[in-house]
Amino acid sequence: MPVTLSGSCHCGAVKFTVDSSTPVPYQLCVCSICRKVGGVGGSINLGGHSETLRIEGKENISVYKAILERGTSKEHIATSERNFCSKCSSMLWLYDPTWPELIHPFASAIDSPELKKPDSL
């Protein structure tokens, strides 16, 4: 049975809920993108069902699409979309149209329920 996750940005301009069948942090991503936009330790990701996403303050959301293989002949824009608050820059979730049924809220944006710590990431 899915669990509803409630989240928000730091300044409160964006609030959201999303249902998750796996409300436990499953990945500590330390790719170059997550290290730079997510902070020192990267980003801790959760899984959610994108069709259940409900947003309050949608007008305050900006999207960042990373440039991959920058400075090479293979440079291109990522399909993934990192959604963040345009007022306080809090990272909220990652969505990729390649997998339209999924959304990945960042654990740092979740207010409730309290997330259980995994044994390992």
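The structure this text deals with has already been given above.
Predicted model only: the values in this text are computed from it and were never measured.

(A) Just the overall build of the chain, in detail. Each helix and strand counted, the chain has one helix and 13 strands in total. The C-alpha radius of gyration of the chain comes to 14 Å, within 12% of the 14 Å expected for a compact globule of 121 residues. Seen along its three principal axes, the alpha-carbon backbone of the chain occupies a region of about 45 × 35 × 30 Å. A sequence separation of at least 24 residues applies to 52% of the contacts in the chain between residues at least 6 apart. Total accessible area on the chain stands at roughly 7,300 Å², and carbon and sulfur atoms take up 54% of it. Both charge centroids of the chain, one from 12 positive and one from 12 negative side chains, sit 6 Å from each other.

(B) Summary view of the packing of aromatic side chains. All told, the structure shown has one aromatic pair when counted by the stated rule. Consider the rings of Phe16 and Trp93, whose centres lie 5.0 Å apart with planes at 70°: the pair is edge-to-face. With Phe16 in strand S2 (residues 15–20) and Trp93 in strand S11 (residues 91–95), the pair connects residues that are 77 residues apart, well separated along the chain. Look at Phe16 and you get buried, because its relative accessible area is 3%.

Conventions adopted
- Residues numbered from 1 in each chain as written.
- Predicted model: local features only at pLDDT ≥ 70, side-chain atom pairs only at ≥ 80, totals over all residues.
- Heavy atoms only, no water.
- Helix = DSSP H or I, 4+ residues; strand = E, 2+ residues; numbered from the N terminus.
- Rg over C-alpha atoms; globule rule 2.2 N^0.38 Å.
- Contact = heavy atoms within 4.5 Å.
- Areas by Shrake-Rupley, 256 points an atom, 1.4 Å probe, with all protein chains shown as cover.
- Lys, Arg positive; Asp, Glu negative; His and termini not counted.
- Charge placed at Lys NZ, Arg CZ, Asp CG, Glu CD.
- Phe/Tyr/Trp six-rings, centres within 6.5 Å; stacked < 30°, edge-to-face > 60°.
- Buried < 20%, exposed > 50% of the residue type's maximum accessible area, 1.4 Å probe, protein only.

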